[in-house]
Amino acid sequence: MRFLLLPLLLFSVNFLSAQCKTFKLASNGDTLNCIDNKGLKQGKWIITTPKLRGEPGFETEGIFKNDKKEGLWRSFNLMGDLIAQENYKWGNLHGRCLYFTLSGLEREESWRAVNPDKAFDTLDVVDPTNPNQFERIVVKNEGNSIKHGIWKTYSPNTGALIETQEYIMGQLKEDFRAAKLNTNSPNQSVDTAKKQATKVLPKEVADFNKKQAKKNKPVVTGRTGH
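Q: Is there a simple way to think about the side chain of Ser-75 in this case?
A: Within the secondary structure, Ser-75 sits in strand S5 (residues 68-77). Accessibility expressed as a relative area gives 10% for Ser-75, which makes it buried.

Q: Would you mind going over the state of the cysteines with me for this structure?
A: Joining two cysteines, a disulfide is a covalent bond between their sulfur atoms. Inspection of every chain in the model, using the stated rule, returns 1 disulfide. Here Cys-20 pairs with Cys-34 through a disulfide, and the sulfurs are 2.1 Å apart. Across the disulfide from Cys-20 to Cys-34, rotation about the S-S bond amounts to roughly -110°, and the bridge is consequently left-handed. In this pair, Cys-20 sits in strand S1 (residues 20-25) while Cys-34 sits in strand S2 (residues 31-36), placing the two residues 14 residues apart along the sequence. Residue Cys-34 is classed as buried on the basis of its relative accessible area of 8%.

Q: Would you mind showing me how to read the pattern of salt bridges here?
A: Pairing is possible between side chains of opposite charge, provided their charged atoms come close. Within this structure, the stated rule accounts for 6 salt bridges. Of the charged contacts, one joins Asp-67 and Lys-41 as a salt bridge, the two residues approaching to 3.8 Å between their closest N and O atoms. Of this pair, Asp-67 sits in the loop between strand S4 (58-65) and S5 while Lys-41 sits in strand S3 (residues 41-49); the two residues are 26 residues apart in sequence, bridging distant segments of the chain. Judged by relative accessible area, Asp-67 falls into the partly exposed class, the value being 32%. For Lys-41, a relative accessible area of 28% puts it in the partly exposed group.

Calculation notes
Residues numbered from 1 in each chain as written. Predicted model: local features only at pLDDT ≥ 70, side-chain atom pairs only at ≥ 80, totals over all residues. Heavy atoms only, no water. Helix = DSSP H or I, 4+ residues; strand = E, 2+ residues; numbered from the N terminus. Buried < 20%, exposed > 50% of the residue type's maximum accessible area, 1.4 Å probe, protein only. Disulfide = S-S within 2.5 Å. Salt bridge = Lys/Arg side-chain N within 4 Å of Asp/Glu carboxyl O.

Laid out in structure tokens, this is it:
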């Protein structure tokens, strides 16, 4: 059986190395830090950042897909202690991210990645004034992730929860709700209502609506997330 596994292992290493212009081999035989023939990072990577100008060094590990971080990435100090656990999509932070000190969990963040291949993207967000309804929001892609979800801060000494904040597409929930209520206020002046009714949509949004209309899908109002 041992003799059967050896050729398979050698074939696997040779196959992976053939896909990589440069790579490293881990002690267990895994292919690491692969750069393919197009110069793109692929597969499992371990990146070491040494100490510099008083800043502590650290090591990160995770998966690259076509030169962009994808899925779970973990960071460790040079003593091997976990200091960060982040999730990525399209190379941007996406989902729940945790940050630690030697005493335990210090900070919890929540992010929403936007597809970098689109100038604008649409997302369905729960209406803060009615949890049973969703509002479709147009998000302008600025190349960064958007704060979205629950953020928590903990005491580094006791681990007790200090602060909780909720973000909706880059805005604190309270601000998002206030803007929503202000937009839907029945006391809104007639002039303001007319201005909103005749509001000119950005060209990109108008073009998007035309495409959606052809597909018989809901169109958007031009509201943009931050």
